[in-house]
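# Remarks on the overall topology
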There are 2 protein chains.
Amino acid sequence: MFRRNFEDELNDLHVRFSEMGMMVNEAIYKSVNAFINHDKTLAKEVIEADARINQREVDLEKRSFEMIALQQPVTGDLRMIVTVMKASSDLERMGDHAVSIAKSTIRVKGNVRVPEIEQTLAEMATKVKQMVEEVLDAYVKADMKRAREIALEDKNIDAFSGKVYKMCLKQMQSDPDTIVGSMDYMLVDSYLERIGDYVTNICEWIVYLETGKLVELNANAKEDNIF
Amino acid sequence: MFRRNFEDELNDLHVRFSEMGMMVNEAIYKSVNAFINHDKTLAKEVIEADARINQREVDLEKRSFEMIALQQPVTGDLRMIVTVMKASSDLERMGDHAVSIAKSTIRVKGNVRVPEIEQTLAEMATKVKQMVEEVLDAYVKADMKRAREIALEDKNIDAFSGKVYKMCLKQMQSDPDTIVGSMDYMLVDSYLERIGDYVTNICEWIVYLETGKLVELNANAKEDNIF
């Protein structure tokens, strides 16, 4: 009976972690849409919803701690709990970056827009969203092979990131009126790039879950990053 | 005898965590000096030293996990181990930001320099370094009161951050030749600001260590941030 309860609790922990991932995915998606469409109302929604994400992280911390303290799980189960403890920080920070994107949206005051850069950022965001969804799916399925593949996709995000960086520099140099706006494009670019890094972290946690080994996926790619 | 070993291990864990903190502090200090003095050799040193910081995080993870699995610590001790597990991620990310500052230094190619902005960044970096040292000291002493005070100091970092942001925008608008260089100033500004946020996170972990409560220090300040 005791054992059955533990398994229920562990399952509940996984479900709550996945839910947190979905909240974060929604925040990223909404924040980028808000930014591209200059939709301040949607941006405020993202900022307000962040409290729920932070609260969920606290909740996962508490549950994990209590499960370890009260049930003293064995190696495999302990590893699952530790993974939730660590990876929930990554999710929380992805949420923070969505908030930063939302804040950029609110700061914008009718600046000149650059459709070409906005289009590229939208493509980049779509790719990031896809990676976030894939990594949550790989987590639920404990699919280590898929996790390794997803981490490799971060190179595409880094390529986007370098491209947007260059577009912004060029734009600022050719038209000083777009400097303030281009700065915001550049910041949003850097937030999306960081979100890609956090996805890679979660991929590493999935590998850890299966093997007990702490690996660094994609270390070389990180060195080439601009941000 | 068993118990004595556990206390030795716990003490060792604290020492190793503090050492990691000192490595990170050194990385931040060196990276900013490298940036201000355009010292690419020093910047490369920071990038190379980061592997040791990452390795230390992996080492702390492993030790923490084994201590939990093999010794099944009670609440207070478990809390200390969990704190090391979580806060070492914050340290590791602070190290990553030092690397980002170092990378900016290497990217610079004889751009026009703006002494006024460099001076402000140097002051900001000195303040950040001081906060990092203070938080490591508060951790060693388990000084919760001090931790709360240090978290409040993050407001000063945010004020610097806003100031540098405005200076950079103004600079770019008045002299297009400084756009590339100002972008790097702005990025370094954002990395230092984030390091301040991670210091706040560690302050929160010190409070947790003492009270078992997960608190959010400085939540309002975060909302006012540019980055």
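No experiment lies behind these values; they were computed from the predicted model shown.

## Thoughts on the packing of helix α2 (residues 40-71) of chain A against helix α3 (residues 75-107) of chain B
Close contact between α2 of chain A and α3 of chain B brings their axes to 11 Å; oriented N to C, the two are set at 135 degrees. For the element pair α2 of chain A / α3 of chain B, the angle class is oblique. You can see that α2 of chain A and α3 of chain B cross each other, and the crossing is right-handed. Facing Glu 57, Glu 61, Phe 65, Ile 68 and Ala 69 of chain A of α2 of chain A, the residues of α3 of chain B in contact are Thr 75, Leu 78, Arg 79, Val 82 and Lys 86 of chain B.

## A word on the interface of chain A and chain B
At the interface, 47 residues of chain A touch 47 residues of chain B. Across the chain A to chain B interface the summed buried area is about 3900 Å²; carbon plus sulfur atoms make up 60%. Three residues, Phe 65, Lys 86 and Arg 93 of chain A, lead the burial of chain A against chain B; their summed loss comes to 15% of the area buried on that side. One salt bridge in this structure joins Asp 90 of chain A and Arg 93 of chain B, with 2.4 Å as the shortest N-O distance. Summed over the shared surface of chain A and chain B, the result is twelve residue pairs in polar contact (both at pLDDT 80 or more).

## Looking at the relation of the copies chain A and chain B
The operation relating chain A to chain B is a screw motion whose rotation component is 180 degrees, with 0.0 Å of axial translation and a residual RMSD of 0.0 Å. Put plainly, the chains are arranged around a two-fold axis. Mapped onto chain B, 100% of the interface residues of chain A again fall at the interface, so both copies present the same surface.

## Topic: the UniProt feature "domain: PhoU" (unreviewed entry) in chain A
Taken from the UniProt record, the annotation "domain: PhoU" (unreviewed entry) applies to residues 18-104 and 121-206 of chain A. The straight-line gap between the two end C-alpha atoms of residues 121-206 of chain A is 28 Å; of that span, 92% is helix and 0% is strand.

## Observations concerning α2 of chain A
All names here are of chain A. If you check α2, its first and last C-alpha atoms are 47 Å apart, about what 32 residues at 1.5 Å a residue would give, namely 46 Å. Its side-chain oxygen at 3.2 Å from the backbone nitrogen of Thr 41, Asp 39 defines the N-terminal cap of α2. Where α2 ends, the next residue or the one after it, Gln 72, has phi of about 40 degrees, a positive value.

## Some remarks on unusual backbone geometry
All names here are of chain A. The phi torsion at His 38 lies on the positive side, around 50 degrees, for a residue other than glycine. By secondary structure assignment, the location of His 38 is in the loop between α1 (2-36) and α2. Notably, Ala 142 is not glycine yet its phi reads approximately 50 degrees, a positive angle. Mapped onto the elements, Ala 142 comes out in the loop between α4 (115-140) and α5 (144-174). A relative accessible area of 26% places Ala 142 in the partly exposed class.

## A closer look at α4 of chain A
Its 26 residues place the ends of α4 of chain A 38 Å apart at the C-alpha level, agreeing with the 38 Å of an ideal helix rising 1.5 Å per residue. The first or second residue beyond α4 of chain A is Ala 142 of chain A, which carries a positive phi of 50 degrees.

## Examining the environment of Asn 33 of chain B
All names here are of chain B. Considering the arrangement of structural elements, one finds Asn 33 in helix α1 (residues 2-36). With a relative accessible area of 28%, Asn 33 lands in the partly exposed category. Between the C-alpha atom of Asn 33 and that of Asn 225, which follows or precedes it by 192 residues, the distance is 25 Å.

What counts and how
Residues numbered from 1 in each chain as written. Chains lettered and ligands numbered in written order. Predicted model: local features only at pLDDT ≥ 70, side-chain atom pairs only at ≥ 80, totals over all residues. Heavy atoms only, no water. Axes fitted to C-alpha atoms, helices over the stretch in contact; angles between N-to-C directions. Helix = DSSP H or I, 4+ residues; strand = E, 2+ residues; numbered from the N terminus. Parallel < 35°, antiparallel > 145°, perpendicular 65-115°, else oblique. Left-handed = near helix turned anticlockwise from the far one by under 90°. Contact = heavy atoms within 4.5 Å. Buried area = accessible area lost by both parts, 1.4 Å probe. Salt bridge = Lys/Arg side-chain N within 4 Å of Asp/Glu carboxyl O. Polar contact = N/O pair within 3.5 Å; in protein donor to acceptor, adjacent residues only side chain to side chain. Least-squares fit on C-alpha atoms with pLDDT ≥ 70 in both. UniProt positions renumbered as here; feature names shortened; annotations may be inferred. Expected span 1.5 Å × (residues − 1). Buried < 20%, exposed > 50% of the residue type's maximum accessible area, 1.4 Å probe, protein only.

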